[in-house]
Amino acid sequence: MSHSNILDRFRPVGAPGPVGPAGVPPSDGRGPREELAPVFTALARDIEAARRLVEQAEKDSADLLDRARDDASALLARAQQDSRSARAEAAARVTRESADDDEALLSTARDEADALAGARSRLIPELARSVIDRMLTEWLRT
């Protein structure tokens, strides 16, 4: 009898004709362990290479994650520092603008007060004459 091949198991059983048993005949006594041992032996180097690739990828990803965390921490610290200086600049700008607005308002108020004082000075003699005239008119009627 010739030496059997693993692929012999998958060849059609029987010749065309009346219906008979079909399927995969049982193996010739060798179990899956013996049949697959050469396959796994041949794959051993590839499996080891894949394992090393996975280990290297895990190490690289851990390093990349550590660098990303460090970069994020540095970026956050820089942003916090920048926000402090930006707040200080904004506060100084608001203070300057408020002081400028206050100065303009005070100047306008002084100008209006001066205008009222001038009008008062001009109106006092006329108002006094008007009051005196009314008093005299009232006194003369009585």
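Here the structure is shown first, and the text comes after it.
Bear in mind that the values here come from a model prediction, so they are computed numbers and not experimental data. (Residues numbered from 1 in each chain as written. Predicted model: local features only at pLDDT ≥ 70, side-chain atom pairs only at ≥ 80, totals over all residues. Heavy atoms only, no water.)

> Which residues make up the pattern of salt bridges, and what are the values?
Here the structure, examined in full by the defined rule, presents 7 salt bridges. In this structure, E97 engages R93 in a salt bridge whose closest nitrogen and oxygen atoms are separated by 4.0 Å. One end of the pair, E97, and the other, R93, are both in helix 1 (residues 32-141), 4 residues apart, so they sit about a helical turn from each other. Given the relative accessible area of 41%, R93 is considered partly exposed. Notably, a salt bridge pairs E138 with R141, separated by 3.7 Å at the nearest N-O pair. Separated by 3 residues within a single helix, E138 and R141 lie in helix 1, roughly one turn from each other. The exposure class assigned to R141 is exposed, which follows from its relative accessible area of 63%. (Salt bridge = Lys/Arg side-chain N within 4 Å of Asp/Glu carboxyl O. Helix = DSSP H or I, 4+ residues; strand = E, 2+ residues; numbered from the N terminus. Buried < 20%, exposed > 50% of the residue type's maximum accessible area, 1.4 Å probe, protein only.)

These figures capture arrangement, not role.
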